[in-house]
Amino acid sequence: MNLTITFFISLCIALVGVIPPGLLNMTAAKISIKEGYSRGLVFSLGVCVIVIVQTLIAVIFARYLSRNPETVQMLQKVAFVLFVIITVYFFLLAKKEAKPHKEDERKSKRSQFFYGMFLSALNVFPIPYQAYMSVTLASLGLITLDNYNITSYVAGAAIGTFVMLYCYVFFLKKIKNEKLKSQKNMNYIIGSITGIIAVVTLVNIIKDY
């Protein structure tokens, strides 16, 4: 039963993490519009392969932190700096004038799979996000970080990510007509989310002093 709870908690966390329009989900939607649903799904599968690796790294790191509480404060400081940098980056990116991109050539399904892996590997945000969430959940006693539960957590994160990408692939055709506006709003949304996380992290750091 505990494994099932861990799975669904992780699935929900992954869904929340992928809901805001970002590089991966918007790319999946764009591919489905230009090249068809099947290639969009293949791209999403490539993304999820890397998500499995990233989540596994994050949760193993979280297990280490839960056994070594003295390192949590250091992690909070690193996370704060990281979230501030990401926030500034996306707000500066949103201010730049968006320019239409040339149409990409149609790629094979295999190419889309590896393209999904490549873009997902560039997106390192899931590692601190999942590490932070799993440490918090473990401290609250909602999940345990033994090998079986880690496997369940990783599986939930991968499936949750795929489900949300699936929704983008099949239900966001309007992106084609509002592409530039969506990209700009996307950057503001991501910047706002990381800004809020940075503020919360700073408050936790101050409380420890």
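These figures come from a predicted structure and were not determined experimentally.

How each quantity is defined
- Residues numbered from 1 in each chain as written.
- Predicted model: local features only at pLDDT ≥ 70, side-chain atom pairs only at ≥ 80, totals over all residues.
- Heavy atoms only, no water.
- Core = buried A, V, L, I, M, F, W, Y, C linked by side-chain atoms within 4.5 Å.
- Buried < 20%, exposed > 50% of the residue type's maximum accessible area, 1.4 Å probe, protein only.
- Helix = DSSP H or I, 4+ residues; strand = E, 2+ residues; numbered from the N terminus.
- Axes fitted to C-alpha atoms, helices over the stretch in contact; angles between N-to-C directions.
- Parallel < 35°, antiparallel > 145°, perpendicular 65-115°, else oblique.
- Left-handed = near helix turned anticlockwise from the far one by under 90°.
- Nonpolar A, V, L, I, M, F, W, Y, C, P; charged D, E, K, R; others polar.
- Polar contact = N/O pair within 3.5 Å; in protein donor to acceptor, adjacent residues only side chain to side chain.
- Contact = heavy atoms within 4.5 Å.
- Expected span 1.5 Å × (residues − 1).
- pLDDT = per-residue confidence, 0-100.
- Patch = residues over 30% accessible without salt bridge, like charges linked within 9 Å, V, L, I, M, F, W, Y side chains within 5 Å.
- Areas by Shrake-Rupley, 256 points an atom, 1.4 Å probe, with all protein chains shown as cover.
- Salt bridge = Lys/Arg side-chain N within 4 Å of Asp/Glu carboxyl O.

### Comments concerning the nonpolar core
Counting 17 residues, the largest nonpolar core has Ala28, Phe43, Val47, Met164, Leu165 and Tyr168 as the members making the most contacts within it. Contributing elements (two or more residues each) for this core: helix H1 (2–18), helix H2 (23–35), helix H3 (37–67) and helix H7 (147–171). Counting residues per element, this core draws most heavily on H2, at 5 residues. Formed by 12 residues, the second largest nonpolar core is a distinct cluster that contains Val59, Leu65, Ile150 and Tyr153.

### A few points about the packing of H3 against H7
Axis angle and axis distance: for two packed helices, these are the angle between their axes and the distance between the axes, and together they describe the pair. Running from N to C, H3 and H7 cross one another at 150 degrees; their axes reach a closest spacing of 8 Å. Classified by the angle their axes make, H3 and H7 are roughly antiparallel. In this structure, the crossing between H3 and H7 has a hand that is right-handed. Split into classes, the residues belonging to the contact of H3 with H7 amount to 19 nonpolar, 5 polar and 1 charged.

### Some thoughts on the side chain of Thr6
Looking at the secondary structure, you find Thr6 in helix H1. Of the polar contacts made by the side chain of Thr6, one reaches the side chain of Asn149; its length is 2.8 Å. If we skip the residues at most four places from it in the chain, Thr6 touches Ile143, Asn149, Ser152 and Tyr153.

### Things to note about helix H6 (residues 126–139)
The first and last C-alpha atoms of H6 sit 19 Å apart over 14 residues, in line with the 20 Å expected at 1.5 Å per residue. Taken together, the buried positions of H6 are Pro126, Tyr129, Gln130, Ala131, Ser134, Val135 and Leu137. As for H6, its buried residues are in contact with H1, H3 and H7. Where H6 ends, the next residue or the one after it, Gly141, has phi of about 80 degrees, a positive value.

### Some remarks on the confidence of the model for the protein
For the protein, per-residue confidence averages 78 on the pLDDT scale, and 72% of positions sit at 70 or higher. Long-range and interchain partners of residues 100–104, a stretch whose pLDDT sits below 50, account for 6 contacts in this model, where long-range means more than four residues apart.

### Brief notes about the environment of Ala198
Looking at the secondary structure, you find Ala198 in helix H8 (residues 179–207). Here Ala198 falls in the buried class, since its relative accessible area comes to 5%. In the structure, Ala198 is positioned 111 residues away from Thr87 in sequence and 8.5 Å away in space, judged by C-alpha atoms.

### Considering a nonpolar patch on the surface
Taken together, Ile52, Val53 and Ile57 make up a surface patch of nonpolar side chains, about 240 Å² in accessible area. Turning to its location among the elements, Val53 is positioned in helix H3. The exposure class assigned to Val53 is partly exposed, which follows from its relative accessible area of 44%.

### A closer look at the packing of H1 against H6
Closest axis-to-axis distance for the H1/H6 pair is 11 Å, and the angle between their directions is 140 degrees. As far as their axial angle goes, H6 and H1 are oblique. In this structure, the crossing between H1 and H6 has a hand that is right-handed. Residues Ile9, Ile13, Ala14, Val16 and Gly17 of H1 form the contact with H6, whose participating residues are Tyr129, Gln130, Met133 and Leu137. For the contact of H1 with H6, the per-class residue count stands at 7 nonpolar, 2 polar and no charged.

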